[in-house]
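Survey of secondary and tertiary structure
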Amino acid sequence: MAEAKDQLYDAPVVSCPSVEELTKISEEMRLKCSAEDIETILGQFKSTVPAFQRVSHLQQPSLPVKYPRTPGYQPAKDDNPFNAWYWRCDIKGADKGKLAGKKIGIKDNIAVAGVPMMNGSRILEGYTPEYDATVVTRILDAGGHILGKTNCEHLCLSGGSFTCDNGPVRNPHDETRNTGGSSSGSGALVASGQLDMALGGDQGGSIRIPASWCGIVGLKPTHGLVPYTGAMPIEISMDHLGPMTKTVFDCALMLEVLAGYDDGRDPRQLPHITVPEYTKELESGISGKKIGVLKEGFDVCTEPDVVEIVRREVNRLKKAGAEVEEVSLPTHLDGPAIWNAVILQGAYNCMVKGNGNGFFWKGFYGVSLQEAVSRGLYTRPQDMSGILKSFCLMAEYMDRKYENKFYAQGQNLTMMLTRAYDSVLAKYDVLVMPTLPYKASKIPSSDSTLKEQLEVGLTMITNTCPFDSTGHPALSINAGFSEGLPVGMMIVGRHYDETTILKVARAYEKIRDAK
């Protein structure tokens, strides 16, 4: 007699706890459950297990993989200038499109199906995603040619370029100096001409920092304009992806391809997103535009030549017909503190305790990525970078002693900070300031202390991180050189008004290049 289908063995996906385990958890949580309560809860747990069993067998929705590819290879050191590549591959997109003929790199926190993804950390070493991030699909649909994954900082948690577990990414202008992070490889490869374009990610300045120190264009779009689907998050309210390019035109072109709603898979997005043809607006000029030169953005600079160069160059926009005047917003100086209150516990609970996905948002979760992060953190926590270890210890202490009080206060103050910038941007079309307070710093030595690493990795974000909190679009463009090193100028605009930022950047680019 045939055995009934529902009696066949099905390997359990969840193991039931013992009475002793539940009792211990109850004691640790100070729940004061009686022995009878524990028995009842154990029974309830057993009745819930079939739901987990069923969920594990249902077909998970995934992201499309539309173009053939081979796994590629990890380049040898001799074939990897500036140590900027993590993995080389050759994925050709559609035969025609806006990005046809463009050589493109993908930051290694973004999934490319069949291509290893390390996110700069041994924690993830050996993981290969089975899906393409939405931005990868959009690039390929537009005819882009993906040449590989670019090295990034250890789980993207550094503004330097020395924490990647594959070794430091060296600045093309001076190989003893930081490229800037965390999108370090993308910055170096675009600056050195090996790529036309690259994808970067930005939670504290990680597109704009390498753009500034490498002398290229880097745009952190409005929060949610470009879908984050398929990239490893750090903090949901601050995650951004965006273009890194040589020219403003290419930045606008790439943004046209990347931007737009992703059918509800990314909670950072609003469904009413519309994407203009940014490239068609670039040459319409900025006559009559009002440019606010943010005083506090210059006050934080620690190198006088950075202040001198950016002040000189922004005044050149008067030649294009813009009105340029200084504006003061003291609240800008509180931006890093507000950002820090959110990012410390937010990043820890999303990326570390949340295993690279976090909780409490609707959309696409990379389950295979989550499993890989979980295993890596469990088996190799000692392999965290010094900067990440410091984040974990501080955040865990705050979680235990203060719960999420300061995270909540930081998010509340972010609304205040956003309104403060909005009030100034109601009077000015854009705000301008130095991208970073100093030029590219030296890569730390092999015997550097954790104190030195924290200073080199985190002290340059004073002007960049506030706009990750508020979600305003911000672009860095090269304003000149001092001592052979690039100096970036940052242009900040209203939410979803990338068009004006790009027009101002293009007007400046023409003036700069006409020297």
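Quick note: structure is the one above.
Okay, so let's go over this structure. Keep in mind that what you see is a predicted model, and the values were worked out from it rather than measured.

Next up on the list: the overall build of the protein. Looking only at helices and strands, the protein features 16 helices and 13 strands. Taken against the 2.2 N^0.38 rule, which gives 24 Å for 515 residues, the C-alpha radius of gyration of the protein at 24 Å falls within 12% of a compact globule. Based on the C-alpha atoms only, the size of the protein along its principal axes is roughly 90 × 50 × 50 Å. Counting across all 515 residues of the protein, residues that qualify as buried make up 58%. Sequence separation of at least 24 residues holds for 77% of the intrachain contacts in the protein that already meet a minimum separation of 6. Total accessible area on the protein is roughly 21900 Å²; 54% of this is exposed by carbon and sulfur atoms.

Inspection of the sheet shows strand 4 (residues 170–171) paired to strand 5 (residues 174–178) by two bridges, in the antiparallel sense. Bridging across to strand 5, arginine 170 finds its partner in asparagine 178. The turn joining strand 4 and strand 5, which pair antiparallel and follow one another in sequence, is formed by two residues.

The omega angle of the peptide bond from glycine 181 to serine 182 is 10 degrees, so this bond is cis rather than trans. With respect to the helices and strands, serine 182 occurs in the loop between strand 5 and helix 4 (184–191). Of note, aspartate 263 is a non-glycine position whose phi angle comes to about 55 degrees, a positive value. Positive phi, close to 55 degrees, is recorded for asparagine 355, a residue that is not glycine. Structurally, asparagine 355 can be placed in the loop between helix 10 (335–352) and helix 11 (367–379).

Tracing the backbone shows aspartate 132 in the loop between strand 2 (103–107) and helix 3 (134–141). Here the side chain of aspartate 132 touches arginine 69 through a polar contact of 2.9 Å, side chain to side chain. Here the side chain of aspartate 132 touches alanine 113 through a polar contact of 2.7 Å, landing on its backbone nitrogen. Ignoring any residue separated from it by four or fewer positions in sequence, one finds aspartate 132 in contact with Leu63, Pro64, Val65, Lys66, Arg69, Ala111, Val112, Ala113, Thr137 and Leu140.

Moving on: the packing of aromatic side chains. Considering all chains together, one arrives at eight aromatic pairs under this definition. Measuring from ring centre to ring centre gives 5.6 Å for tyrosine 86 and tryptophan 87, while their planes differ by 55 degrees; the resulting arrangement is tilted. What makes tyrosine 86 buried here is its relative accessible area of 4%. Seen in terms of ring centroids, tyrosine 402 and phenylalanine 406 are 5.7 Å apart; in terms of plane orientation they differ by 75 degrees. Their pairing is edge-to-face. Among the residues examined, tyrosine 402 registers a relative accessible area of 36% and is labelled partly exposed. The exposure class of phenylalanine 406 is partly exposed, given its relative accessible area of 31%. Connected via pairs of aromatic rings, a cluster forms that spans Tyr397, Tyr402 and Phe406. The side chain of lysine 290 reaches across the aromatic face of tyrosine 428, ending 5.2 Å from its centre. Here the basic side chain of arginine 311 rests over the ring of phenylalanine 298, its NZ or CZ set 4.2 Å away from the ring centre.

Attention now moves to the packing of helix 1 (residues 19–28) against helix 2 (residues 35–57). At a minimum axis distance of 10 Å, the contact between helix 1 and helix 2 shows a crossing angle of 115 degrees. When the axis of helix 1 is compared with that of helix 2, the two are roughly perpendicular. The element helix 1 and its partner helix 2 pack so that their crossing is right-handed. Of helix 2, the residues touching helix 1 (which contributes Val19, Leu22, Thr23 and Ser26) are Ile38, Glu39, Ile41 and Leu42. Grouping the amino acids of the contact of helix 1 with helix 2 by side-chain chemistry returns five nonpolar, two polar and one charged.

Reading across the sheet, the eleven strands line up as 1-3-2-6-8-7-12-13-11-9-10 and stay open at both edges, with mixed pairing between neighbours. Unpaired on one side and paired on the other, strand 1 (85–92) and strand 10 (323–327) mark the two borders of the sheet. Looking at each pair of strands side by side, their axes are set apart by 25 degrees on average, direction ignored. On the sheet, helix 6 (residues 248–258) packs against strand 2, strand 6 (197–202), strand 7 (217–220), strand 8 (240–245) and strand 12 (474–482) and is oriented at approximately 145 degrees with respect to strand 8.

Glancing now at the nonpolar core. Membership of the largest hydrophobic core comes to 83 residues, with the highest contact counts inside it found for Leu317 and Leu475. It is helix 6 that provides the largest number of residues to this core, a total of eight residues. The next biggest cluster of nonpolar side chains, apart from the first, holds 45 residues, and it includes Leu63, Leu124, Ile234 and Tyr348.

Right, let's get into a nonpolar patch on the surface. Together, Ile25, Met29 and Leu31 make up a nonpolar patch on the protein surface, roughly 290 Å² of accessible area in all. Relative to the helices and strands, leucine 31 is located in the loop between helix 1 and helix 2.

This part covers the packing of helix 10 against helix 13 (residues 405–425). Across the interface, helix 10 lies against helix 13 with an axial gap of 8 Å and an inter-helix angle of 140 degrees. On the basis of the axis angle, helix 10 is oblique to helix 13. When you trace helix 10 past helix 13, the crossing you get is left-handed. In contact with Gly335, Ile338, Ala341, Val342, Gln345 and Gly346 of helix 10, helix 13 contributes Phe406, Tyr407, Gly410, Gln411, Leu413, Thr414, Met416 and Leu417.

Analysis parameters
- Residues numbered from 1 in each chain as written.
- Predicted model: local features only at pLDDT ≥ 70, side-chain atom pairs only at ≥ 80, totals over all residues.
- Heavy atoms only, no water.
- Helix = DSSP H or I, 4+ residues; strand = E, 2+ residues; numbered from the N terminus.
- Rg over C-alpha atoms; globule rule 2.2 N^0.38 Å.
- Buried < 20%, exposed > 50% of the residue type's maximum accessible area, 1.4 Å probe, protein only.
- Contact = heavy atoms within 4.5 Å.
- Areas by Shrake-Rupley, 256 points an atom, 1.4 Å probe, with all protein chains shown as cover.
- Pairing = 2+ DSSP bridges.
- Polar contact = N/O pair within 3.5 Å; in protein donor to acceptor, adjacent residues only side chain to side chain.
- Phe/Tyr/Trp six-rings, centres within 6.5 Å; stacked < 30°, edge-to-face > 60°.
- Lys NZ or Arg CZ within 6 Å of the ring centre and 35° of its normal.
- Axes fitted to C-alpha atoms, helices over the stretch in contact; angles between N-to-C directions.
- Parallel < 35°, antiparallel > 145°, perpendicular 65-115°, else oblique.
- Left-handed = near helix turned anticlockwise from the far one by under 90°.
- Nonpolar A, V, L, I, M, F, W, Y, C, P; charged D, E, K, R; others polar.
- Core = buried A, V, L, I, M, F, W, Y, C linked by side-chain atoms within 4.5 Å.
- Patch = residues over 30% accessible without salt bridge, like charges linked within 9 Å, V, L, I, M, F, W, Y side chains within 5 Å.
- Salt bridge = Lys/Arg side-chain N within 4 Å of Asp/Glu carboxyl O.

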